[in-house]
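# Tertiary structure, described
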Amino acid sequence: MNRFQIRPGLHFWLKGREYVIKQQLANGELQICEVLTEVLSRITYTALVQLLFREELELQSTESFGVVGRKGNETQADFTQLPEEIRFEAKRKYSYVSFVLEQDIPQRTPASLQPIIEQVSEQINDLNPPNWLTVYRWLKAYESSGQDIRSLVPKHKYKGDYRPKLEKEVIQIIDRCIQEIYLNPSRPDMADVHDEILRQIRQENLTRASIGQKALEIPHRSTIYRFASKLDPCVVAKKRLGNRIASQMYDPVMKGLRPNRPLERIEIDHTKLPLFVVDAEHRMPIGTPWLTSAVDKYSGVILGYYASFEPPSYLSVMQCLLHVIRPKNYLIENFPSVVNTWDTYGLPEVIVVDNGKEFYSTHFEDACLSLGIAIQYSPPRMPWYKSSIERYFGAVNSQLLSDLPGKSFSNFMKKYDYNPLKNAVISFEALQEILHIFIIDIYNQSSHPELKSPRTSVWSKAIQEFPPALPGSYQQLKVLVGNITTRKVTRRGVEFEGLIYNSFELSRFRSSALASEKAIVKYDPTDLSQIYVFDPTIHQFLSVPALSQEYTKGLSIWQHQVIKKLARQEAEKVDIIALALAKEQIQKIVEQEWMSSKKGKTRTAMARWKGIGRSGLNTGDFEFSKDEQPLNNDMPINSIDPSSVTIPKSEFSVMSGISELGSAFNNEFSSSSIEENREKIEVENFNNVQSPSCKDSGENSIKPNRRKSSPNQKLNVEVSDNISENLGETASWKPDLSGWDVSIGLPS
């Protein structure tokens, strides 16, 4: 480091301008002059020192003592980090220079310096002492640098002729080919650059030969590679890989936004777990489930999750958000193996999501707006804007699923002889318990990377100062997270998806002047037993139950659409009898396919039908109390099996819950057609009991409308025919299911 004394002639930089000290005035002030404009001004000695230590001023020596080399300048480097042999040589020179300065010789001549050189060489045991003129040069460089020892660092590597040996035209050709070919998004190899350089040089030599000039020398391959190696790596990455990849490779990683309280900023995202799940009853592989999770940015705790076989959609996002807001008081009953508690709950302030289409849903935006939640979309292909949720997904894959049987591989070549389908042993219920143990007892108990404290402790201490916000009631929360549609309200009620909903509370809405307009309706996609109709006169949603509770209780909209699809093929009119019989037939087909099918995609679709992994919205009602006490109700995690809901075929009173506005074929629906269908089905059931072998003959056989099958579905048609024949021995009602498969053409 240089040593400076504030005196006339000293140069310094202040606010980007160079100054020089002219003289010291009588009052002790220093007269300074700006080098560029030559404007004079004054400054005190104390102010100059204070500016230096506030890093606003930098002193500069009057002479440059170093040689700027091609590979750096050691005179500007940290002396303590230089190689040992270089520091040893600099200390050797300093021994001679310091002894001369201590003697305070008035004139530095050969007669005065030679005795000193001999004396110092004996003291340090220097077998090759320098010449007096060499010591004189060392002294001059040392003093002009402000007695900086770095001025004595040897410059051996800067010696020699480093000028290029190639002609200027060859260098221009090499630079041009590298810029045009190598620095290209198509990322060609240097071999292509070498070939192009040789071609252009040969072409240039032909031109030179025609005019009698000397031919250019062809450079060696290593010379061309050396030119490319001197390019800036950041520039190469931008030209060949793009700005985004270059930014990820070379831009510094800075600290992101840091919230000041819990729930100020949460991150939500989806991932497909690389684990095959089996059926708890038959131990057959179902498929790989999806996991939607939410992480609190402040504390790092997992606020909630939703795991199912449903692909990412508004349903999975809303189920995860509902789990985030609700208290987790179901752990003791459902998961007694969990040791710690999960005390997270409350409404978030900001939700950070990616650019998935489910996050751009109008229903999602309206629900968040009603709950007072702001949505922030991260830039495309920049996952570090959601670093907390990405870190959690990485922990799930590396710490939780890495050694579980049934783990799948993203790279097919890494599987080798391992078959995840054959090794899968974990059921979906067991996976739910494993996820709870990992989240509550492992991840939330681990140390926060910045605060160095368990994540749950950070959450518990912070909510004492910043209590979480709560919704007004749980009923209102369920309404907000439901899907939105519009329907006409009549005296018969509201018709939705072929079902009738009605109650006495709709009388006020029907009698209002707005009854002629379509009403806003919200529904729970996982439970069609009731809907919510918005009454503009009181500005509230009315809970309206379905008239057919036996059929709709615990029935999802996806299951209902599958049932209607089969019913359209088996009957001309959609009534409660056809729906009930179709539901029973589908359940039997799914059970048969469940035992026989080994296709992952087929079993995943059947898992959606069986309701495996679907939970949340169709739960018991409870409300948050005003004093923010924990809720008494437990959140059911396990899904409700639709197959457990049976509908007696002999009861026809539930037909009042089915729409009479028309079937899927836009035919008129009347009470007489209902009676005709009822009599037709009763007669057919009686004939099937008397003679099962006659199911395909007679005038009463029903011919379903078949859709066109693609060539890829021929095998599925044969499987469905075989299933229909096997079911003929036990089923009381025998629809022709050829050409219909539960895994193809299901409603999305």
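## Let's talk about the overall build of the protein
- Helix and strand counts for the protein come out as 24 helices and 19 strands.
- Counting all 748 residues of the protein, 46% fall into the buried class.
- For the protein, restricting intrachain contacts to residue pairs at least 6 apart in sequence, the fraction spanning at least 24 positions comes to 66%.

## Here's the deal with the pattern of salt bridges
- In total, this model carries 16 salt bridges according to the counting rule given.
- Close ionic contact of Arg-42 with Glu-29 constitutes a salt bridge, the shortest N to O distance being 3.6 Å. Linking Arg-42 in strand S4 (residues 40-43) with Glu-29 in the loop between strand S2 (17-24) and strand S3 (30-34), this pair joins segments that are 13 residues apart in sequence.
- Between Arg-150 and Asp-148 there is a salt bridge, with its nearest N and O atoms 2.9 Å apart. Each member of the pair, Arg-150 as well as Asp-148, carries the same accessibility label: buried.
- By sharing partners, the salt bridges in this structure join Glu-89, Arg-92 and Asp-126 into a single network.

## A few points about the packing of helix H5 (residues 168-182) against helix H7 (residues 221-229)
- Direction vectors running N to C along H5 and H7 enclose 60°, while the axes themselves pass 11 Å from each other. In this view, H5 runs oblique relative to H7, as classed from their interaxial angle. Between H5 and H7 lies a crossing of right-handed hand. Residues Ile-171, Ile-174, Asp-175 and Ile-178 of H5 pack against Ile-224, Phe-227 and Ala-228 of H7.
- For the contact of H5 with H7, the per-class residue count stands at six nonpolar, no polar and one charged.

## Re the sheet that holds strand S15 (residues 493-496)
- Here we have three strands laid out as an open sheet, ordered S14-S15-S16, and antiparallel in their pairing. The open sheet has two free edges, formed respectively by strand S14 (489-490) and strand S16 (499-501), since each of these has just one partner strand.

## Structural notes on the pairing of S2
- Of the pairings in the sheet, the one linking strand S1 (residues 11-14) to S2 comprises four bridges and is antiparallel in character. From the neighbouring strand, His-11 faces S2, where its bridge partner is Val-20.
- Linkage of S1 to S2, two consecutive antiparallel strands, is achieved through a turn of two residues, within which Lys-15 is found at a positive phi near 55°.
- Where S2 and S3 come together, five bridges link them in antiparallel fashion. Note on S3: the bridge partner recorded for Gln-24 is Leu-30.
- Counting the residues that bridge the hairpin from S2 to S3 gives five residues, and of these Gly-28 lies at a positive phi of roughly 95°.

## Quick look at the environment of Pro-383
- Here Pro-383 lies in the loop between strand S12 (374-377) and helix H13 (387-400).
- On a C-alpha basis, the gap between Pro-383 and Val-353 in space is 9.8 Å, while along the polypeptide they are 30 residues apart.

## Quick notes on a nonpolar patch on the surface
- A cluster of nonpolar side chains, contributed by Leu-241, Met-249 and Tyr-250, occupies part of the molecular surface with about 270 Å² of accessible area.
- Counting through the fold element by element, Tyr-250 comes out in helix H9 (residues 243-250).

## Brief notes about the sheet that holds strand S13 (residues 483-487)
- Here we have four strands laid out as an open sheet, ordered S13-S17-S18-S19, and antiparallel in their pairing. Either end of the sheet is taken by a strand with one partner, and the two such strands are S13 and strand S19 (540-545). Neighbour to neighbour, the strand axes of the sheet diverge by 35° on average, direction disregarded.
- Bridge analysis of strand S17 (residues 519-524) against strand S18 (residues 527-535) gives four bridges, and the strand direction is antiparallel. In the sheet register, Tyr-523 faces S18, and the bridge partner there is Ile-531.

## Examining the nonpolar core
- Met-318, Ile-351 and Leu-371 are the most contacted members of the largest nonpolar core, which totals 30 residues.
- Top element by residues in this core is helix H10 (residues 314-325). It accounts for eight residues.
- The residues touching Met-318, leaving out its near neighbours within four places in the chain, are Phe-364, Ala-367 and Val-481.

## Describing unusual backbone geometry
- At Glu-38, a residue that is not glycine, the phi angle is positive and equals roughly 60°.
- With respect to the helices and strands, the residue Glu-38 is situated in the loop between S3 and S4.
- Looking at Glu-38, the relative accessible area reads 63%, which means it is exposed.
- A positive phi angle, near 55°, is found at Lys-452, a position not held by glycine.
- Tracing the chain through its elements places Lys-452 in the loop between helix H15 (428-443) and helix H16 (455-465).

## Structural notes on the packing of H5 against helix H6 (residues 190-211)
- Packing of H5 against H6 brings their axes to within 9 Å, and their N-to-C directions diverge by 140°. Taken together, the axes of H5 and H6 lie oblique to each other. H5 and H6 meet at a crossing whose hand is right-handed. Between H5, through Glu-169, Val-170, Ile-173, Ile-174, Arg-176, Cys-177, Ile-178, Ile-181 and Tyr-182, and H6, the contact on the second element is made entirely by Met-190, Val-193, Glu-196, Ile-197, Gln-200, Ile-201 and Arg-208.
- For the contact of H5 with H6, the residue count by class is 11 nonpolar, one polar and four charged.

## So, the packing of aromatic side chains
- For the coordinates displayed, the defined rule picks out 12 aromatic pairs.
- With a centroid separation of 5.6 Å and 15° between ring planes, the pair formed by Phe-12 and Tyr-19 is classed as stacked. No difference in accessibility class separates Phe-12 from Tyr-19, as the two residues are buried.
- Through a chain of ring-to-ring contacts, the aromatic side chains of Tyr-392, Phe-393, Phe-438 and Tyr-443 assemble into a single cluster.
- Of note, Lys-328 hangs over the ring of Trp-342, and the distance from its end group to the ring centre comes to 5.4 Å.

## A look at the side chain of His-194
- Mapped onto the elements, His-194 comes out in helix H6.
- The residues contacting His-194, other than those within four sequence positions of it, are Arg-221 and Ile-224.

## Concerning H16
- Of all the positions in H16, only Arg-455, Thr-456, Val-458, Trp-459, Ala-462 and Ile-463 are classed as buried. Projected onto a plane normal to the axis of H16, the buried residues spread over an arc of 155° and lie on a single side. Exposed side of H16, more than 90 degrees from the buried face: Lys-461, Gln-464 and Glu-465 are the residues found there.
- Of the surrounding elements, those touching the buried residues of H16 are strand S9 (290-296), strand S10 (302-308) and H15.

## Digging into the confidence of the model for the protein
- Mean pLDDT over the protein: 76, with 71% of residues reaching 70 or higher.
- Between residues 409-418, whose pLDDT stays under 50, and residues either more than four places distant or in other chains, the model counts nine contacts.
- A low-confidence stretch, residues 616-676 stays under pLDDT 50, and its non-local contacts, those more than four residues away or across chains, total 152 contacts.

## A look at the environment of Met-190
- Structurally, the position occupied by Met-190 is in helix H6.
- Put simply, Met-190 and Tyr-225 are 35 residues apart on the chain and 7.2 Å apart in space, counted from C-alpha to C-alpha.
- Those residues within four positions of Met-190 in sequence are excluded, and the remaining contacts are Tyr-182, Ile-224, Tyr-225 and Ala-228.

## Observations regarding the pairing of strand S6 (residues 266-272)
- Among the seven residues of S6, six are classified as buried, and the element is accordingly described as predominantly covered.
- Across seven bridges, the pairing between S6 and S9 is antiparallel. Bridging across to S9, Thr-271 finds its partner in Leu-291.
- Two strands pair when backbone bridges link them, and S6 and strand S11 (residues 350-353) are joined in this way by two bridges, in the parallel orientation. Following the sheet pairing, Ile-266 is matched in S11 by Ile-351.

Each value, and the rule that gives it
Residues numbered from 1 in each chain as written. Predicted model: local features only at pLDDT ≥ 70, side-chain atom pairs only at ≥ 80, totals over all residues. Heavy atoms only, no water. Helix = DSSP H or I, 4+ residues; strand = E, 2+ residues; numbered from the N terminus. Buried < 20%, exposed > 50% of the residue type's maximum accessible area, 1.4 Å probe, protein only. Contact = heavy atoms within 4.5 Å. Salt bridge = Lys/Arg side-chain N within 4 Å of Asp/Glu carboxyl O. Axes fitted to C-alpha atoms, helices over the stretch in contact; angles between N-to-C directions. Parallel < 35°, antiparallel > 145°, perpendicular 65-115°, else oblique. Left-handed = near helix turned anticlockwise from the far one by under 90°. Nonpolar A, V, L, I, M, F, W, Y, C, P; charged D, E, K, R; others polar. Pairing = 2+ DSSP bridges. Patch = residues over 30% accessible without salt bridge, like charges linked within 9 Å, V, L, I, M, F, W, Y side chains within 5 Å. Areas by Shrake-Rupley, 256 points an atom, 1.4 Å probe, with all protein chains shown as cover. Core = buried A, V, L, I, M, F, W, Y, C linked by side-chain atoms within 4.5 Å. Phe/Tyr/Trp six-rings, centres within 6.5 Å; stacked < 30°, edge-to-face > 60°. Lys NZ or Arg CZ within 6 Å of the ring centre and 35° of its normal. Arc of directions from axis to C-beta. pLDDT = per-residue confidence, 0-100.

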